[in-house]
Amino acid sequence: MRERLLAAEKVTGIQWRDGTLHLLDQRLLPSEERWLPCDDVAQVVEAIRSMVVRGAPAIGIAAAYGLVLALRERLAEDDWEHALEEDYLSLAEARPTAANLFWALNRMRDRLQRLRGDEDVLAVMQAEAIAIHESDREANLTMAQYGIDVIRRHQGNAQTVLTHGNAGALASGGFGTALGVIRAAFLEGMVERVYAGETRPWLQGSRLTAWELAQEGIPVTLCADSAMAHLMKVKGITWVVVGADCIAANGDVAAKIGTYQLAVAAMHHGVRFMVVAPSTTIDLNLATGDDIPLEERDADELLDVAGLRMAADVEVFNPVFDVTPADLVDVIVTEKGVVERPDTAKLAQLMCRKRLH
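All values reported here derive from a predicted model rather than from experimental measurement. Sequence order sets the numbering: in each chain, residues are counted from 1 along the sequence as written. Local features in this predicted model are restricted to residues whose pLDDT is 70 or higher, and side-chain atom pairs enter the listing and the counts only when it is 80 or higher, whereas totals over whole chains, interfaces and linings include all residues. Each side-chain value is derived from all of the structure's non-hydrogen atoms; neither hydrogens nor water enter the calculation.

**Q** Sorry if this is basic, but what is going on with empty space enclosed by the protein here?
**A** A water-sized probe rolled over the atoms picks out the places where empty space is left. Only protein atoms enter the 1 Å grid, on which a cavity is a set of points fitting a 1.4 Å probe that cannot get out and a pocket is an open set with protein on both sides within 12 Å along at least 5 of 7 lines, lining residues being those with an atom within 4 Å of a point. Grid points are joined across faces, edges and corners, and a volume is the space filled by probe spheres set on the points. Under the defined criterion, the tally for this structure stands at 1 cavity of 30 Å³ or more. Considered as a void within the structure, the largest cavity measures approximately 240 Å³ in volume. Forming the walls of the largest cavity are 25 residues, and the residues nearest its centre are R54, G55, N166, A244 and D245. Working definition: helices are DSSP H or I runs of at least four residues, strands are E runs of at least two. Numbering for both runs from the N terminus. Of all the secondary-structure elements, those providing two or more residues to the lining of the largest cavity are helix 3 (56-74) and strand 9 (253-256). For the lining of the largest cavity, the element with the most residues is helix 3, which contributes 3 residues. Classification convention: Asp, Glu, Lys, Arg as charged; Ala, Val, Leu, Ile, Met, Phe, Trp, Tyr, Cys, Pro as nonpolar; all other residues, Gly among them, as polar. Per-class residue counts for the lining of the largest cavity are 13 nonpolar, 8 polar and 4 charged.

**Q** Can you help me understand the pattern of salt bridges in this one?
**A** Close approach of charged atoms lets side chains of opposite charge pair. A pairing counts as a salt bridge when a side-chain nitrogen of Lys or Arg comes within 4 Å of a carboxyl oxygen of Asp or Glu. Overall, the coordinates contain 24 salt bridges when judged by the stated rule. Ionic pairing is found between R116 and E119, a salt bridge with its closest N-O pair at 3.6 Å. Each of the salt bridges in this network shares a partner with another, and the network as a whole consists of R153, R272, D330, E340 and R341.

**Q** Looking at this structure, how should I read the sheet that holds strand 16 (residues 337-340)?
**A** Whether parallel or antiparallel, the strands of a sheet pair through hydrogen bonds between backbone atoms. Two strands form a pair only when DSSP identifies at least two bridges running between them. Overall, mixed pairing links the 7 strands, which are arranged 6-5-4-7-10-15-16 in an open sheet. Across the chains shown, the open sheet's two edge strands, defined by having one partner strand only, are strand 6 (220-223) and strand 16. For this sheet, the mean inter-axis angle between neighbouring strands, taken without regard to orientation, is 25°. Pairing between strand 4 (residues 159-163) and strand 5 (residues 191-197): 5 bridges, direction parallel. For Q159, the partnering residue across the bridge sits in strand 5 and is V191. Lines are fitted to the C-alpha atoms to define the axes, a helix being fitted only along its stretch in contact, and any angle between axes, read from their N-to-C directions, falls within 0 to 180 degrees.

**Q** Can you help me understand the pairing of strand 16 in this one?
**A** The two faces of a sheet get side chains in turn, since along a regular strand they alternate between them. Across the two faces of strand 16 the burial differs, with G337 and V339 buried and V338 and E340 not buried at all. In this sheet, strand 16 lies alongside strand 15 (residues 331-334) in antiparallel orientation, the contact comprising 4 bridges. Looking at strand 16, one finds that V331 is bridged to E340. Connecting the antiparallel pair strand 15 and strand 16 is a turn made up of 2 residues. Only protein chains enter the accessibility calculation, which uses a 1.4 Å probe; a residue whose area is less than 20% of its type maximum is buried, one above 50% is exposed, and one in between is partly exposed.

**Q** Is there a simple way to explain unusual backbone geometry in this structure?
**A** Among all residues except glycine, the phi angle is most often negative; among peptide bonds, the trans geometry is most common. Across the junction of L29 and P30, the peptide omega takes the value 0°, indicating a cis bond. Within the secondary structure layout, P30 lies in the loop between strand 2 (20-24) and strand 3 (35-38). One non-glycine residue with positive phi stands out, namely F175, at about 75°. With respect to the helices and strands, the residue F175 is situated in the loop between strand 4 and helix 7 (178-187).

**Q** Can you help me understand the nonpolar core in this one?
**A** Across soluble globular proteins, nonpolar side chains have a tendency to be buried as a group. Formed by 41 residues in total, the largest nonpolar core has its most connected members in L21, I48 and L91. Broken down by element, the residue count for this core peaks at 13 residues, all from helix 3. Not counting the four nearest positions on each side in its chain, L91 is found in contact with V41, V44, V45, I48, A63, G66, L67, L101 and L105. Joining through side-chain atoms within 4.5 Å is the link that ties buried Ala, Val, Leu, Ile, Met, Phe, Trp, Tyr and Cys residues into a set, and such a set is a nonpolar core. In terms of nonpolar packing, the next biggest core, distinct from the first, is built from 28 residues, M232, A265, F273 and V329 among them. Should any heavy atoms of two residues lie within 4.5 Å, those residues are considered in contact.

This is the structure:
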């Protein structure tokens, strides 16, 4: 199965080449495919903040490479370790909700603290960032297999799936989380059509998810976000499959704004709700979803469309994430395993696992 998944992979958004981080500018898709080279940490911070790269796993990977770029500049300074902390904080503050961002930065910091005197610090840290990138891609392939096993066990073939936001290859180190499961299920003949919401205000669903699925020949139908409950009623949706940016210890899920209302509608219509995310998205230090910091962005993202003012000049509330309570989630799929009807005890048990199962 893994070989078939790899053969089907056609999209990537992050490349590390010759000491430079290259990011596919997701603000321009699908009309233009432009790669943005980042040679210093300030460029990486701005790329994360301005949505050149987005999706929690991809943000974490970009931040890890950003620290390598920072280290390359800081090593010439006398107190380079103290100076590097400034870059660490700049990266950490770029997008506050993405749990993978903090996980990746902490892993890089931990590796730096374990450095031996005879090691080449830059080479070691570059290898660590590459390992973070590669392990995320491998995790996605594992999650894809777990996810299709869940779908097969519960409802078999001929699924009609609904997804929201973008949790594909563009949002990760490769292949994708939620879209990875959908891709794998399609290859196995288990999905016949995918419905994707537009995902206002950045239109990740229409610009990115629909584009990714079309690139791989997967039948996809785009719909307005406000049509989702109606779709569940009239189109025979069997699964909602989404990614996550942070999962609290009790199984509450922070994801793209609009996910919460999808989960409510799914429960009403008897549609199963799956969250697909690497274990690095789970933060056991956050007891519930109330503890997850939810990013709010600029008002212009709602007031403007393609640079044109399309709304009255009024007060704007623009949260980009919401929290879906654990009791609305049927299953969380990670590379460590699957948790059905998640709660604090089940997630704690999952996170105790030391290797993939």
